[in-house]
2 protein chains.
Amino acid sequence: MKWVNVLGGIVGAAALLGLGIILGHFAIPKGSYVPTPSIFQDLDLEILESIMQQLDASRIRENLRELSREPHLASSPQDEALVQLLLQRWRDPESGLDSAEASTYEVLLSFPSREQPNRVAVGDPTGNVLFSCRQSEQNLTGEQGGPDVVPPYAAYAPPGTPQGLLVYANQGTEEDFMKLQAQGIKLEGTIALTRYGGTGRGAKAVNAAKHGVAGVLVYTDPADINDGQSSTNETFPNSWRLPPSGVERGSYYEYFGDPLTPYLPANPSSFRLDPDTVSGFPPIPTQPIGFEDAKILLCNLQGASAPAAWQGALGCDYKLGPGFQPNGDFPADSQVNVSVYNRLELRNSSNVLGIIRGAVEPDRYVLYGNHRDSWVHGAVDPSSGTAVLLELSRVLGTLLKKGTWRPRRSIVFASWGAEEFGLIGSTEFTEEFFSKLQERAVAYINVDISVFGVSLRLNSPPGQIPAPSLGGLSIYDNWIRYFNRSSPVYGLVPSLGSLGAGSDYAPFIHFLGISSMDIAYTYDRSKTSARIYPTYHTAFDTFGYVDKFVDPGFSSHQAVARTAGSVLLRLSDSLFLPLNVSDYGETLRSFLQAAQQNLGVLLEQHSISLVPLVTAVEKFEGAAGALDQRISALQKATPDPLQVRMLNDQLMLLERTFLNPRAFPEERYYSHVLWAPRTGSVATFPGLANACSRAMNTSLGSPAWAEVQRQLSILVVALEGAAATLRPVADF
Amino acid sequence: MKWVNVLGGIVGAAALLGLGIILGHFAIPKGSYVPTPSIFQDLDLEILESIMQQLDASRIRENLRELSREPHLASSPQDEALVQLLLQRWRDPESGLDSAEASTYEVLLSFPSREQPNRVAVGDPTGNVLFSCRQSEQNLTGEQGGPDVVPPYAAYAPPGTPQGLLVYANQGTEEDFMKLQAQGIKLEGTIALTRYGGTGRGAKAVNAAKHGVAGVLVYTDPADINDGQSSTNETFPNSWRLPPSGVERGSYYEYFGDPLTPYLPANPSSFRLDPDTVSGFPPIPTQPIGFEDAKILLCNLQGASAPAAWQGALGCDYKLGPGFQPNGDFPADSQVNVSVYNRLELRNSSNVLGIIRGAVEPDRYVLYGNHRDSWVHGAVDPSSGTAVLLELSRVLGTLLKKGTWRPRRSIVFASWGAEEFGLIGSTEFTEEFFSKLQERAVAYINVDISVFGVSLRLNSPPGQIPAPSLGGLSIYDNWIRYFNRSSPVYGLVPSLGSLGAGSDYAPFIHFLGISSMDIAYTYDRSKTSARIYPTYHTAFDTFGYVDKFVDPGFSSHQAVARTAGSVLLRLSDSLFLPLNVSDYGETLRSFLQAAQQNLGVLLEQHSISLVPLVTAVEKFEGAAGALDQRISALQKATPDPLQVRMLNDQLMLLERTFLNPRAFPEERYYSHVLWAPRTGSVATFPGLANACSRAMNTSLGSPAWAEVQRQLSILVVALEGAAATLRPVADF
């Protein structure tokens, strides 16, 4: 009590002094300034701890049951029903947010025809059908039947009914097709059977079409998803493994966002491209099938044996084709017939936004989102994330409605539509609110598939993870055990992956330059080599699957809720934003070293110096270190609210300085000079790496080498600009 | 005194209450918060008035004398000497700024050869020279001679020695050459004589080359600059008019910025284009000449009479050519020989920056700049602006060094290099500090040619002029007398022109979306029809010219200093930024009305609706009006420093929301959807206007009509984004 009095006295005296100066020197203010307590509001660790305790595993489980009860494909009535569920939760008078709204875009989706199901068959030359692949997955738990389970298909693959001899093309990469051609295999007019992995879905058809292939099949090899297991008793519902009839659905569109409205929100009145002129759709009919059916096709192929790396776990020697072997199940001249009847449709898809107004800085937004749409029931993808989102918003909403808490900054919860078709809801949102988000967004947190398995994985640009230090939970220890790196400053620390374009964070980080993070509990990669959780994008990704195999007891879901909740609270409530800029320096340094080691000699041969880049990285490191020190000093002193705001603006806007909309004109939406897609294996700055790999085999002085120099300059300017943003604001 | 006590009491009590809440609910702050007086700092009208009084006409005159003593072409030793002068002034211990630095870029300039002067001559078929144009201006005042006076030339015009029959091509627009062609005049291989005006300098050569013209001459017709007067006793040094030998120099480069480093700062290590591949240079040799010489060429032409609108004041009937009339000064088959020996050179050019650190918000920059380089002495252009700049920085620096004043926000004074070659210094600066400026720049004020004549002209996007209300000076009344418009809200108000790309504001407004203003005293257009002040870019633009003819007594210079100083102080010191967003709404409304009236029917015929645009404009108007009201309310209440900052951020960033780097990919640097270059006469949104004029004669459903729709969507998204930025920050 005494301490309060002393403080009160100091403030009162200072205010008097202040007023005297104002009256003597400045214009007379219109009223007295009453510093409200909230202006000093910092993270309250007791509230944080109490939120952590309230995040309830059983409620997450109930959320998941409700969210995944029915298939909820984007724009379906069930998807719309979930929009209402979210609105109802976020408008709940006891546990809701300040406000919640749904907003709808009119977007181009792709669906299989109900009347004419897609079909894959083997036919003899006289037209007799000798074998047909399944048109839907086996109804193993009673949840795989019914009209709402969309049959397996390749979204955005064009309709068509090619037929031809079958070839096996491994993962359908450019190299795979080159290899087939090098073996003398005539690809023109064939049907290529490929397996998932190695490259994007759509890329398989793009690569195939370049070689004259007429149609593409895609399956998941048990070697890639099931550690080789494929029998019924070793797979779901007897284990978490993919059953033989399971088929991964997915978008085969090359870009993201609504295909008809690049860079524009898909509002009803927006300009739309003619669908016939849209680039990025697969050029030839494509259809995914289960490994049960793939086995029949693949194990009957004739021709040379496929290379060892192309072999899988279907229990036969994989041959390349073309066509079937004479002594197999089909006559040697049998062809494979791929009938695709997919249709493009303009559909309404909604995002739902729920807002908690910030008490002190309502114009700083911490965004937390996940998509809502699934391919079928989508218990893991995306409902495990939404179940966590709803529990977190319930706990925060309850505090809010009770009046015991309000964040310093605004929190925006988002449930995105049509992510499965290419991050459409989130991309349209970023297109619509481009300016406001660039001005005000502090960070975007994505929790899509919240639990794959049992170790925590976070993907994020560096410098953006306030280490979760949740007493007794050992999330941190668990994380560092599975994913770690050695920091020159801190020693062994948890490591963060890089953000690609796998979920709704992509438009935030790549298009808008907003610090982003993707949080998930994943599985122990020393125990399984599965590419992803086995029932991904199949009709077997159900509540029972999660409840029985993925996270019985939902403790991992709870851990994700706590981790994500902790990150969210620290971002929304900390006086100083918990963004560590020196960590970013470590990444730049590692990119630089990779460039020096792997590209240095090559660049020197072309008289291209890395010295300006070295200098720029050093400037960044220097500015970042000095900024850290200024923050430490201010934290010890009495920070003026504007001083805090100015520093936070530097932290918030750092990520924006890495954007250059003119850096990669051929890469739609990708403007971030550090995180744009990188080809090749050198873990360095993507523009430099890509330009080098394109220039590699061209002559001295070629345009490709000029582009290397241009990319280097773009990078140097961005890093110098980033360093300038971090330097004391009064030193222009 | 009593009032102070009451206020002190309130503050003290509130602080106690506040601290109680903090201790009970929030984390314990690290120390007591002492509100410093500066946090409420608002514009002090007494200080403003005192600054106005201290701005001294005779000191401006002395500055001008010093600045224009010698020719100071970009990158010349005299230009470098002025860099030192600026540094010395801005580092003066009694009247300097907080800091001053020069920064240097390596830029591509173009100069005539000293060894081989450019030459324009008439020769007979045997090669005899019958007549040569002057290679330099007549030395009328002793200042037009000597090695530092660069001879007249067309910067960036390529070297070459074409010769051919002369034609007269009026202003060298596309239409002018079409008209010549329609008259059956064979243009292939001719030399086209054109006069300044009607289109950009470089465009004359671009248009000419399309028709096979081999070389271009450009002169200034006395009708366009001298109200028809051309005799020696009616021109300088006997009046302010252009003497017969005067020649306008200028950059003939189509874009702005260093030609070799578009979008990148021209640092020594930056990637540079191959000069041979640079676009935007004139395609054929070009040379400017005086009207004295032009008369000899033009009045000897044969052929049909030029149309009435093409006639000028050289005292003869202008004919079209080709070639000379038989009874004139030259044999009919004489040809004109244009010898251009210009050279491209990489040169160092410096900007000088002088900083006054802001006391409260050092991370908000109010920029005030002008270029330093001139074609010859450049007394009007640019030294009249720099003379004002130096006087203003002296007065402010003196207050600063005395400790009696420091602005709320930082002030950045800039002296740009190489503006005459295409706004190079300012453009490279915006390229280098792109991120920092976009984040933090409040506004850019440009004062280049500060005094043309006797009425004030300001060019700026709307909403950005705090009305100068300088007691007794009547700048406002003078302004409103010459340039006014009727506002629905305020009645008759001074009108602002639009910002083109005529000076260093261009990269700030068009490339970075920073609110910009160009201030100048101009002349009474009812008394002269001169395109610009008559000695523009000639060797006659000297101190004596200004002192005797343009502004004897320097009262107009003083008025500009006061106006610009008032704008600067209001931007740097006002608690709320003096940017009126509702004024912007008036411009949008006028653009919309022009579109509806002039393009509405056409668009309807192509099923393109303006309704979304109408809605967007309405949303903007609504949001702007509501924001104005919130500011008024806050001004009456006790604004919390963060509330003020948040509102100011909305005001500052509004201009940024109109930028779209993908809107006009063919227009280098132009990203502002409201102020990009507009062709055609409809005063509406440029993207829409340009797309319509391109689509006009194409068929229904053409790609050009699709582009109209795309431009409309880009515009709607920008306006909706602008409205979103203005709405209350907590309403996402």
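On a predicted model such as this, the values are computed, not experimentally measured, just so you know.

Looking now at the domain arrangement of chain A. All names here are of chain A. Partitioning chain A into domains gives domain 1 (2–34), domain 2 (45–110 + 353–573), domain 3 (113–341) and domain 4 (581–726). Taking only C-alpha atoms, the centre of domain 2 and the centre of domain 3 are 32 Å apart. At the junction of the two partners, domain 2 supplies 46 residues and domain 3 supplies 49 residues. Buried area between domain 2 and domain 3, both sides added, is near 3800 Å², and the carbon and sulfur share of it is 61%. Together, Leu108, Arg531 and Phe540 form the three largest contributors to the area buried by domain 2 at its contact with domain 3, with a combined 20%.

Residues and elements named next belong to chain A. Going through the model one piece at a time under the given rule, you end up with two disulfides over all chains. Linked covalently through their sulfurs, Cys299 and Cys316 form a disulfide whose S-S length is 1.9 Å. Here the disulfide of Cys299 and Cys316 is left-handed, its torsion about the S-S bond being about -80°. Note that Cys299 is positioned in the loop between helix H8 (291–298) and strand S11 (335–339) and Cys316 in the loop between H8 and S11, a separation of 17 residues in sequence.

The final tally for this structure, using the stated rule, is 76 aromatic pairs over all chains. Between A:Phe429 and A:Phe508, the ring centres sit 6.2 Å apart and the planes meet at 45°, which makes this aromatic pair tilted. Placement of the pair is A:Phe429 in helix H10 (residues 424–432) and A:Phe508 in helix H13 (residues 505–511), with a sequence separation of 79 residues. This pair shows no difference in class: A:Phe429 is buried, exactly as A:Phe508 is. Aromatic side chains B:Tyr168 and B:Trp310 sit 6.0 Å apart centroid to centroid with 80° between the ring planes, which places their arrangement in the edge-to-face category. Residue B:Tyr168 is found in strand S6 (residues 166–168), and its partner B:Trp310 is found in the loop between helix H8 (291–298) and strand S11 (335–339); the two are separated by 142 residues along the sequence. For the pair shown, B:Tyr168 and B:Trp310 are each scored as buried. An aromatic cluster of three or more residues is present, and its members are A:Phe111, A:Tyr153, A:Tyr156, A:Tyr253, A:Tyr255, A:Phe281, A:Trp375 and A:Phe421.

Bringing helix H4 (residues 77–90) of chain A into the picture now. All names here are of chain A. A rise of 1.5 Å per residue sets the reference length of H4, with its 14 residues, at 20 Å; its end C-alpha atoms lie 20 Å apart and thus fit the reference within 8%. For H4, the set of buried residues is Gln78, Asp79, Leu82, Val83, Leu85, Leu86, Leu87 and Trp90. Each element contacted by the buried residues of H4 is listed here: helix H3 (57–67), strand S1 (99–111), strand S12 (343–356), helix H9 (379–402) and strand S14 (409–416).

All names here are of chain B. Secondary-structure assignment places Glu174 in helix H5 (residues 174–182). Judged by its relative accessible area of 25%, Glu174 falls in the partly exposed class. Counting along the chain gives 25 residues from Glu174 to Thr199, while the straight-line C-alpha distance between them is 9.2 Å.

Time to look at the sheet that holds strand S5 (residues 163–164) of chain B. All names here are of chain B. Strand order in this open sheet of four strands is S3-S2-S11-S5, and the pairing throughout is antiparallel. Where the open sheet ends on each side, the last strands, each with one partner, are strand S3 (129–132) and S5. In this sheet, S11 lies alongside strand S2 (residues 119–123) in antiparallel orientation, the contact comprising five bridges. In the strand pairing of S11, Arg119 is matched with Ser339.

Bringing the sheet that holds S11(A) into the picture now. Residue and element names in this part refer to chain A. Taken together, the four strands give an open sheet; going across it, the order is S3-S2-S11-S5, and neighbouring strands pair in antiparallel fashion. The strands lining the two open edges of the sheet, one partner per strand, are strand S3 (129–132) and strand S5 (163–164). Bridge count between strand S2 (residues 119–123) and S3: three bridges; the pairing is antiparallel. Each bridged residue has a counterpart across the sheet, and for Val122 the counterpart in S3 is Phe131.

Pairing between side chains becomes possible if they bear opposite charge and their charged atoms approach one another. Residue and element names in this part refer to chain A. Evaluation of the coordinates by the stated rule reveals 60 salt bridges over all chains. Residue Glu391 pairs with Arg394 through a salt bridge whose shortest N-O separation is 2.8 Å. On the criterion of helical spacing, the pair formed by Glu391 and Arg394 is a turn pair, its members being three residues apart in helix H9. Of the two residues, Glu391 and Arg394, both sit in the buried class.

All right, on to helix H20 (residues 703–726) of chain A then. Here H20(A) contains 24 residues, and its C-alpha end-to-end distance of 35 Å stays within 8% of the 34 Å for a straight helix at 1.5 Å per residue. Judged by how many residues are buried, H20(A) sits mostly within the fold: 17 of 24 residues are covered.

Moving on, we come to the packing of helix H3 (residues 57–67) of chain B against helix H4 (residues 77–90) of chain B. All names here are of chain B. Put simply, H3 and H4 touch, their axes get as near as 11 Å, and they point 150° apart. Taking contact as the criterion, the partners of Asn63, Glu66 and Leu67 in H3 are, on H4, Leu82, Leu85 and Arg89. The residue makeup of the contact of H3 with H4, split by class, is three nonpolar, one polar and two charged.

Calculation criteria
- In every chain, residue numbers begin from 1 and rise along the written sequence.
- Naming scheme: in the order in which they are written, chains are lettered from A and ligands are numbered from 1.
- For this predicted model, a pLDDT threshold of at least 70 governs which residues receive local features, and a threshold of 80 or more governs which side-chain atom pairs are given and counted, while totals over whole chains, interfaces and linings are taken from all residues.
- With hydrogens and water stripped out, all remaining heavy atoms of the structure feed into the side-chain values.
- Domain delimitation follows an automatic or database domain assignment.
- Contacts between residues were defined by any pair of non-hydrogen atoms, one from each residue, lying within 4.5 Å.
- As a working definition, buried area equals the accessible area (1.4 Å probe) given up by two parts on being put together, with both sides summed.
- Disulfides are defined as pairs of cysteine sulfur atoms found within 2.5 Å of each other.
- The secondary structure listing takes helices from DSSP runs of H or I that are at least 4 residues long and strands from runs of E that are at least 2 residues long, numbered from the N terminus.
- The pairing test for Phe, Tyr and Trp rings, Trp by its six-membered ring, is centres within 6.5 Å, and the orientation test on the planes gives stacked under 30 degrees, edge-to-face over 60, and tilted for anything in between.
- Using a 1.4 Å probe on the protein chains alone, a residue whose accessible area is under 20% of its type maximum counts as buried, one over 50% counts as exposed, and one in between counts as partly exposed.
- Given the number of residues in a helix, its expected span is that number minus one, multiplied by 1.5 Å.
- Paired strands, in this sense, are two strands between which DSSP finds at least two bridges.
- What counts as a salt bridge is simple: a side-chain nitrogen of Lys or Arg found within 4 Å of a carboxyl oxygen of Asp or Glu.
- Axis angles are defined between N-to-C directions and span 0 to 180 degrees, where every axis is a line fitted to C-alpha atoms and, for a helix, only to the segment in contact.
- Only Asp, Glu, Lys and Arg are considered charged in this grouping, and only Ala, Val, Leu, Ile, Met, Phe, Trp, Tyr, Cys and Pro are considered nonpolar; every other residue, Gly among them, is considered polar.

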